[in-house]
Amino acid sequence: MIWENTRCIPSTDENVHKYVFTNEGAKGAVAEAVLYKYPTYEERTVICCSTQSGCPVGCRFCGTGEFFIRSLTGEEIVGQVQHLFADKGIDASKIDRCQIMFMSMGEPLLNKNGLVDALRKLHVLYPKAALLISTSAPDVDYQWVRDISVEIPTVGLQFSVHESTDEARDLLIPFKKKLNLQRIAEEGVKWFQATGRQPFFNYCAHDKNTDDADAARLESLFDPRIWQCTVSVICEQDESVAAANRRQRELAENFMSMMLSKGFSVRCFDPAGQDDIGGGCGQLWFVQDFANSHPELTNKSCGAGLPKVHTPRVIEIVAV
């Protein structure tokens, strides 16, 4: 057994389940994965799985912004996906749209060996599944990212841009060894030229980055003929979840209209289970419990001790 202990946490929304995986001992680790159906597993299944235990990047809206344990092996990554399918009796060959996203916990591009191994194994196991790498854009050699994306034609790439200026993005993502927005744009173009597929940039919409100037800056960086756009809604700390969702949803919808008017294809991913199990990316409540109980395994990330910019509740709205 790849993972010694597994736990399923159902949401009040029957379309989503969270799974927590743990291994104990000197090489212990914890991971989370989330399983969604839209509206049935056969029609569309989405899995968000972890590539690291904790994360060194320290994003200030993420539940693992304080600590890092270690990178996961390829087997530990694949084991999450296999367990979710097996637990719900899902026949992956019968899914019309299957998406496996490396975006639950950890920075995929800081785990080259584990990620490449997992991508190859998952493509053999589930050849029809889209495999989406979601990255905060650490400053690594992106040639290997292009190479594995050419080798496996189902691999997609999304950059977590989140802000329209480097100054604002640095506050959100304190990890210093990362690409700036201009270099992200350049790497996306190289990936598009190598694969023939459009990369995505993910943008966190809030009340300080959704005006005309923000949209214009993004358009100047990311050519809509090459890039697709994902707009995410973040719930602010000082609001109830329901009130925040309504207000932030309006902000995101207005900003999506701006981006659509500039020629972007704007997509949405609306995860359920935000309020009771922490269904979305960065919603790592159970992982935090494990880290607090195993201080001997954890190291502080670069974000440790820095103020939270947003609560770890992220909702993505997709409009195509």
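Provided above is the structure to which this section pertains.
Residues numbered from 1 in each chain as written. Predicted model: local features only at pLDDT ≥ 70, side-chain atom pairs only at ≥ 80, totals over all residues. Heavy atoms only, no water.

Q: Before we move on, can you summarise helix H2 (residues 112-125) with the specific residues and values?
A: In this model, H2 (14 residues) spans 20 Å end to end at C-alpha, consistent with the 20 Å of a helix rising 1.5 Å per residue. Among the residues of H2, those classed as buried are Gly114, Leu115, Val116, Ala118, Leu119 and Leu122. The inward-facing, buried residues of H2 contact helix H1 (74-87), strand E7 (97-102), strand E8 (130-135), helix H3 (143-151) and strand E9 (155-160). (Helix = DSSP H or I, 4+ residues; strand = E, 2+ residues; numbered from the N terminus. Expected span 1.5 Å × (residues − 1). Buried < 20%, exposed > 50% of the residue type's maximum accessible area, 1.4 Å probe, protein only. Contact = heavy atoms within 4.5 Å.)

Q: Describe the sheet that holds strand E6 (residues 67-71), with residues and values.
A: Taking strand neighbours across the sheet as the criterion, the 3 strands line up as E5-E6-E13 in an open arrangement whose pairing is antiparallel. At either end of the open sheet lies a strand with only one pairing partner, and these are strand E5 (52-54) and strand E13 (299-300). Strand direction decides the pairing type here: E5 and E6, joined by 3 bridges, are antiparallel. Its bridge partner lying in E6, Gly54 is registered against Phe68. (Pairing = 2+ DSSP bridges.)

Q: Explain the packing of H1 against H2 to me, using residue names and the numbers behind them.
A: Relative orientation of the contacting elements H1 and H2 amounts to 40°, with a least axis distance of 7 Å. In terms of axis orientation, H1 runs oblique to H2. The way H1 lies across H2 gives a crossing that is right-handed. Between H1, through Gly74, Glu75, Ile77, Val78, Val81 and Gln82, and H2, the contact on the second element is made entirely by Gly114, Leu115, Asp117, Ala118, Lys121, Leu122 and Leu125. For the contact of H1 with H2, a count of residues per class yields 7 nonpolar, 3 polar and 3 charged. (Axes fitted to C-alpha atoms, helices over the stretch in contact; angles between N-to-C directions. Parallel < 35°, antiparallel > 145°, perpendicular 65-115°, else oblique. Left-handed = near helix turned anticlockwise from the far one by under 90°. Nonpolar A, V, L, I, M, F, W, Y, C, P; charged D, E, K, R; others polar.)

Q: Explain unusual backbone geometry to me, using residue names and the numbers behind them.
A: The linkage connecting Tyr38 with the following residue, Pro39, adopts the cis geometry, with an omega of -20°. Relative to the assigned elements, Pro39 resides in the loop between strand E3 (29-37) and strand E4 (44-49). At Ala137, a position not held by glycine, the phi torsion is positive, near 70°. Topologically, Ala137 is positioned in the loop between E8 and H3. Residue His162 is not a glycine yet carries a positive backbone phi of 70°. In this fold, His162 is placed in the loop between E9 and helix H4 (166-172). Taking relative accessible area as the criterion, His162 reaches 5% and is therefore assigned buried.

Q: Tell me what's going on with the nonpolar core, and back it up with residues and numbers.
A: In terms of nonpolar packing, the biggest core is built from 75 residues, with Ile100 and Phe102 touching the most fellow members. Once residues within four sequence positions are removed from consideration, Ile100 is found in contact with Ile47, Cys49, Val81, Leu122, Tyr126, Ala129, Ala130, Leu131 and Leu132. (Core = buried A, V, L, I, M, F, W, Y, C linked by side-chain atoms within 4.5 Å.)

Q: An account of the pattern of salt bridges is needed here, citing residue identities and associated values.
A: Under the criterion given, the structure shown has 12 salt bridges. A salt bridge links Lys94 to Asp91, with the shortest nitrogen-to-oxygen separation between them at 4.0 Å. Judged by its relative accessible area of 56%, Lys94 is exposed. A salt bridge links Arg183 to Asp139, with the nearest nitrogen and oxygen atoms 3.3 Å apart. (Salt bridge = Lys/Arg side-chain N within 4 Å of Asp/Glu carboxyl O.)

Q: Which residues make up the packing of H2 against H3, and what values go with them?
A: Direction vectors running N to C along H2 and H3 enclose 5°, while the axes themselves pass 11 Å from each other. The angle between the axes of H2 and H3 places the two elements in the roughly parallel class. On the side of H2, the interface is formed by Lys112, Leu115, Val116, Leu119 and Arg120, while H3 contributes Trp144, Ile148 and Glu151. Class assignment for the residues of the contact of H2 with H3 results in 5 nonpolar, no polar and 3 charged.

Q: Can you break down the environment of Ile47 residue by residue, with the values?
A: By the element assignment, Ile47 lies in strand E4. Excluding anything up to four places from it in sequence, Ile47 contacts Val34, Leu35, Val81, Leu84, Phe85, Gln99, Ile100 and Met101.

Q: So, the packing of aromatic side chains: which residues are in play, and what are the values?
A: Evaluated as defined, the whole model comprises 11 aromatic pairs. Seen in terms of ring centroids, Phe201 and Trp227 are 6.2 Å apart; in terms of plane orientation they differ by 65°. Their pairing is edge-to-face. Note that Phe201 is positioned in strand E10 (residues 200-205) and Trp227 in the loop between helix H6 (212-221) and strand E11 (228-234), a separation of 26 residues in sequence. Relative accessible area serves as the criterion here: at 0%, Phe201 is assigned to the buried category. The structure contains a cluster of three or more aromatic residues connected by ring pairs, namely Tyr142, Phe159, Phe201, Phe222, Trp227 and Phe264. Over the ring of Tyr38 we find Arg44; its NZ or CZ atom is 4.6 Å from the centre of that ring. When the ring centre of Phe200 is taken as origin, the NZ or CZ atom of Arg267, which lies over that ring, is 4.3 Å away. (Phe/Tyr/Trp six-rings, centres within 6.5 Å; stacked < 30°, edge-to-face > 60°. Lys NZ or Arg CZ within 6 Å of the ring centre and 35° of its normal.)

Q: Break down the pairing of E4 for me, with residues and values.
A: As a general feature of sheets, a regular strand has side chains that alternate between the two faces. Taking burial as the measure, the 6 residues of E4 include 6 buried ones, the bulk of the element. What you see with E4 is no split at all: Arg44, Val46 and Cys48 on one side and Thr45, Ile47 and Cys49 on the other are buried throughout. Pairing analysis gives 4 bridges linking E3 to E4, with the strands arranged antiparallel. Within E4, the position partnered with Tyr36 by the bridge is Val46. Alignment of E4 against E7, held across 6 bridges, turns out to be parallel. Bridging from a neighbouring strand, Arg44 pairs with Arg97 of E7.

Function-wise, these values are silent; they only describe arrangement.
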